[in-house]
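# Chains, contacts and geometry: an overview
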Amino acid sequence: MNKVYINATGIFLPNEPVENNQMEDYLGLINDVPSRTKDIFLRKNGIKRRYYALDSSQNTTHKAYEMAALAVKDCIDSSTADYNGIDLLCAATTQSDMPIPGFASMVHASSGIGRCGIASHQSVCAASMMAIQNAFNQIKAGTAKNAVCCAAELPSRMFKSKRFAGQHAFSDATAKLPLETDFLRWMLSDGAGAMLLQNSANTGNISLEIEWVDMKSYAHAFEVCMYTGANKEPDGFVEKTWLDYDTISEANVDGAINLKQDMQLVDNIVKLGIQRFFELTDEGKIEPSGIDWLVCHYSSHHFKSQIVDLLKKGGAEIAPEKWFTNLYSVGNIGSASIFVMLDELLKSGKLEDGQNILCMVPESGRFVTGYMMLKVRSNDQQQKRYVEEIDTIKPPEIRIQSKPVQEWLVRQLTGVWFDFERGLQQVPIVKKIFNGSLTLEEYKRLLVNLRQQVIDGSQWIARAASNVSMSHFPVRSAFIRHSSDEHRDYQILEQNYINCGGNEEEILTGNKNLGSEALSAYMFHRASQPDPFDLLGGMFIIEGLGNRVSGKWGRAIQQQLNLNKDQVSFFIYHESSDSNDNHFERFEQAIQSDLLTQQMAEKIVKTAKVVAKLYTMQLEEIDNF
């Protein structure tokens, strides 16, 4: 059976944090009267701020599946995983945005992940643990190599004052919210979290090995406690759900769609959670003295003292400094809470190799207990991280003659460059170059994929030169000289590949990937137009890579793979070669000539934007032929 590791996490918390005194600015007043119970419940739950996916007019700013997708992107972007290499997506929530289709389908469509398996998990807080357990079991069994788990909650829209208009309970202008709903109004928050599970640990970064996940339902022993879509009868049973009313409007008038919690039952959540804790202790799965961190999703500070008291009575007291929660600063985000807590703990710098983390997620829906044991793993063989600063982005320097059109062009190209290089840093293979996880085989595949487009470089430049009219002879000559220089590029690249042990025939007969096809086709198309001076925008991007970026790539690859200079020279020589300086000198000469009108400058900027997108696509589509 495979081991399973949490190798990355991500979160999304919508909009700005909402302080206690701002809550009714977003949720609204009931019957235009400030709540008399708000402060009481806030003192009990201890929450100081939270996040709402609402604006002050009670409009929804983010859907639940959108927040989950943004958390997934935050997670994947902080890892070495490829969006098209995810095997499984397990998504959890208490209440999806739509009854149909499944929540996982909606998240998948917005996440950027390619084709994968999916699973939707709907419950209350423990839905998150159900999603994690599913992914854990599949990776452990070998049916998936990796999985992304996520959860999102958007309860604020259930509690905005407009939702209660027209209900029987508010026919009287002095009416108040029933306690079972009012209590939750000051308890719940919006947000999302995600984690990446893989069958091997990070190299050089901390991983959390999942040792086991335990889930137990007690629905057979208790009536429903936290629910929506019905009203309980006096005997505790549900006779009629919101779908059994003649119309949805009637269900709304009767308050059946309100989110509720039975205050007489809710304390059972602590008793059941601790009962299962003691059972796991007796089974040998938990050793209380060996717990270094207790990540406990207690929904309110009110419950913490009860948990502490019961643990102490059972001889399993856990020291206060070992408890970890962010309930007070981000609120109770239901099923997303465990993801958001683990994200903060993992990034806190407090974890050490070998520490044990016990996660506890109880649920009051109809009562579920969820436990997970994690062990901190920190690989002693640290990655060979590239030490050069890569976050500092500087566009290629362009000398101009202080003419308004030139200055405008430089400002626009600078913005295009910033967007381009920031985007490059998020491409999976580029992330691997700088975080030390690139393998020799991946480097060789990068060379094979690049070569097929690089060899076209001299050809499209030559075609562009042939379409420059004689009235612009100096620019035509510059294109021709540039074409001659480009022959050297692909020859160096080919030799680097061979020096790394690559097969010469393979690189000489390779195919373009989808991005290379698109880039080459676009460049030849533009080069075939009369006086295609807008290609200066493409030259700005491609030569800018050599001028500002490729040297960093080459040194990073050389350092982590212990390569010789003759194995990475394609990347490194661009940075300091005379030909590279000549390329930009020719670019400068062109934009200093009379051909640079405002209209031409706009065309150059557009071509630069297109080439930047297509070059990024070329790197994203490695080996996708």
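Keep in mind the model is a prediction, meaning the values are calculated, not measured. (Residues numbered from 1 in each chain as written. Predicted model: local features only at pLDDT ≥ 70, side-chain atom pairs only at ≥ 80, totals over all residues. Heavy atoms only, no water.)

This part takes up the sheet that holds strand E11 (residues 293–296). Either a parallel or an antiparallel arrangement is found when strands of a sheet pair, and the pairing is made through backbone hydrogen bonds. Taken in spatial order, the 10 strands make up an open sheet running E5-E4-E6-E7-E1-E8-E14-E13-E11-E12, and their pairing is mixed. At either end of the open sheet lies a strand with only one pairing partner, and these are strand E5 (117–122) and strand E12 (323–324). Sheet topology places strand E1 (residues 5–12) next to strand E8 (residues 206–217); 2 bridges connect them, and they run antiparallel. Across the sheet, the residue bridging to Tyr5 is Glu209, located in E8. Against the sheet, helix H5 (residues 127–141) makes contact with strand E4 (88–93), E5, strand E6 (146–153), strand E7 (191–198), E8, strand E13 (356–363) and strand E14 (368–378), and its axis sits at roughly 115° relative to E8, the strand it touches most. Those strands touched by helix H9 (residues 268–282) are E8, E13 and E14, and its axis lies near 50° from that of E14. (Pairing = 2+ DSSP bridges. Helix = DSSP H or I, 4+ residues; strand = E, 2+ residues; numbered from the N terminus. Contact = heavy atoms within 4.5 Å. Axes fitted to C-alpha atoms, helices over the stretch in contact; angles between N-to-C directions.)

For the rest of this paragraph, the subject is helix H3 (residues 64–77). Along its 14 residues, H3 runs 20 Å from first to last C-alpha, staying within 8% of the 20 Å computed at 1.5 Å per residue. Within H3 the residues assigned to the buried category are Ala64, Tyr65, Met67, Ala68, Ala69, Ala71, Val72, Cys75 and Ile76. Looking at the buried side of H3, the elements it contacts are E1, helix H4 (103–111), E6, helix H6 (156–159), E7 and helix H14 (428–435). (Expected span 1.5 Å × (residues − 1). Buried < 20%, exposed > 50% of the residue type's maximum accessible area, 1.4 Å probe, protein only.)

A separate point is the packing of aromatic side chains. To describe a pair of aromatic rings, one takes the distance between the centres and the angle between the planes. One pass over the structure, following the stated rule, counts 14 aromatic pairs. Ring centres of Phe420 and Tyr615 lie 6.5 Å apart, and the angle between their planes is 90°; on these two criteria the pair is classed as edge-to-face. Taken together, the positions of Phe420 in helix H13 (residues 404–424) and Tyr615 in helix H22 (residues 598–620) put the pair 195 residues apart, joining distant regions of the chain. Judged by its relative accessible area of 3%, Phe420 falls in the buried class. Judged by relative accessible area, which is 9%, Tyr615 ranks as buried. Lys240 extends its terminal NZ or CZ atom over the ring of Tyr245, reaching a point 4.2 Å from the ring centre. Stacked on the ring of Trp212, the Lys or Arg Lys285 has its end atom at 5.4 Å from the ring centre. (Phe/Tyr/Trp six-rings, centres within 6.5 Å; stacked < 30°, edge-to-face > 60°. Lys NZ or Arg CZ within 6 Å of the ring centre and 35° of its normal.)

Where nonpolar side chains cluster on the molecular surface, the patch consists of Trp242, Leu243 and Ile248 and spans about 300 Å² of accessible area. Structurally, the position occupied by Trp242 is in the loop between strand E9 (226–227) and helix H8 (248–253). Exposure remark for Trp242: the relative accessible area of 31% places this residue in the partly exposed category. (Patch = residues over 30% accessible without salt bridge, like charges linked within 9 Å, V, L, I, M, F, W, Y side chains within 5 Å. Areas by Shrake-Rupley, 256 points an atom, 1.4 Å probe, with all protein chains shown as cover. Salt bridge = Lys/Arg side-chain N within 4 Å of Asp/Glu carboxyl O.)

Per-residue confidence for the chain gives a mean pLDDT of 88, with 89% of residues at or over 70. Long-range and interchain partners of residues 578–582, a stretch whose pLDDT sits below 50, account for 7 contacts in this model, where long-range means more than four residues apart. (pLDDT = per-residue confidence, 0-100.)

Below, the discussion takes up the packing of H9 against helix H10 (residues 301–313). Running from N to C, H9 and H10 cross one another at 35°; their axes reach a closest spacing of 10 Å. In terms of crossing hand, the pair formed by H9 and H10 is right-handed. Across from Val270, Lys271, Ile274, Phe277 and Phe278 in H9, the residues of H10 making contact are Phe303, Gln306, Ile307, Leu310 and Leu311. Considered class by class, the residues forming the contact of H9 with H10 number 8 nonpolar, 1 polar and 1 charged. (Left-handed = near helix turned anticlockwise from the far one by under 90°. Nonpolar A, V, L, I, M, F, W, Y, C, P; charged D, E, K, R; others polar.)

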